[in-house]
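Chains, contacts and geometry: an overview
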Amino acid sequence: MSQLTPLFPRQQVPALSVPTLDGDTWTLAGVKPDHFTMVVVYRGLHCPICGTYLKDLDRKLADFRERGVEVIALSSDDEARARQAKEDWKIENLTLGYGLTLQKAREWGLYISSGRGKTSVGIEEPDLFVEPGLFLVRPNGELYFATVQTMPFARPDFGAILKALDFVIAKDYPGRGEIVDIPAVAAE
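Residues numbered from 1 in each chain as written. Predicted model: local features only at pLDDT ≥ 70, side-chain atom pairs only at ≥ 80, totals over all residues. Heavy atoms only, no water.

Considering the nonpolar core
The condition that has to hold: Put simply, buried Ala, Val, Leu, Ile, Met, Phe, Trp, Tyr and Cys residues joined by side-chain atoms within 4.5 Å make one nonpolar core. Burial classification: accessible surface area is computed with a 1.4 Å probe over protein chains only, and a residue below 20% of its type maximum counts as buried, one above 50% as exposed, and the rest as partly exposed. Helix and strand assignments come from DSSP, with helices taken as H or I runs of at least 4 residues and strands as E runs of at least 2, each series counted from the N terminus. When checking whether two residues touch, look at their non-hydrogen atoms; a contact exists if any pair is within 4.5 Å.
One finds Met38, Val40, Leu54, Leu57, Phe64, Leu94 and Phe158 to be the most contacted residues of the largest nonpolar core, which totals 32 residues. Counting only elements with at least two residues in this core, the list comes to β3 (36-41), α1 (48-66), β4 (69-74), α2 (79-88), β8 (133-137) and α4 (158-171). Per element, the largest residue contribution to this core is six residues, and it comes from α1. Those residues in contact with Phe64 that sit more than four places away from it in its chain are Met38, Leu57, Val69, Val71, Phe158, Ile161, Leu162 and Leu165. Judged by nonpolar contacts, the second largest core, of 19 residues, contains Leu7, Trp26, Leu100 and Ala105.

Things to note about the pattern of salt bridges
Side-chain pairs of opposite charge can arise whenever the charged atoms involved come near each other. To be explicit about the condition: Salt-bridge detection follows one rule: a side-chain nitrogen of Lys or Arg within 4 Å of a carboxyl oxygen of Asp or Glu.
The final tally for this structure, using the stated rule, is nine salt bridges. Notably, a salt bridge pairs Arg67 with Asp166, separated by 2.7 Å at the nearest N-O pair. Of this pair, Arg67 sits in the loop between α1 and β4 while Asp166 is found in helix α4, placing the two residues 99 residues apart along the sequence. Asp166 sits in the partly exposed class, given a relative accessible area of 38%. Measuring nitrogen to oxygen at the nearest pair gives 2.9 Å for the salt bridge that ties Arg83 to Glu79. Here the residue Arg83 and the residue Glu79 both occupy positions in helix α2, the gap between them amounting to four residues, near one helical turn. Counted as one network, the salt bridges with shared partners bring together Arg10, Arg176 and Glu178.

Dropping the structure here:
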């Protein structure tokens, strides 16, 4: 599958199910948050930026839960690499999923990169791996917000997301970017 198709707000997201380091299988359809599920896709163990990013999320996890947001972070790493990431990065509370298939990543509009050897922290990149993404999904399975990246740099700040959630929840602000087909008059 090589076609990359973006997801659109107010549309249903693809099904998503991954094993977690807790020994369970996490399924998006099985999560019942008050407001949103936040799916954070990270590159994997080889990415030091991912470690810093997820550690920040781990520290803010209670703040997301207070706002009715359930959170999972996942990657295309296998279980051993995900477990090592959790240990090396000292992730204490965040649910970590692993084994995201590249086909499923494409269904979610994510980019895929090829490995280039060892990273700055001396860990070998997988032959192929997923690039970062962050998705807020409403309890009914509709996409609210998404950002996907081609690089590990300049990811959305979790503090800013928390502030935005306060506004979004208080004002019942709708998902934006929802137009799939541009009306002919507007397209010109």
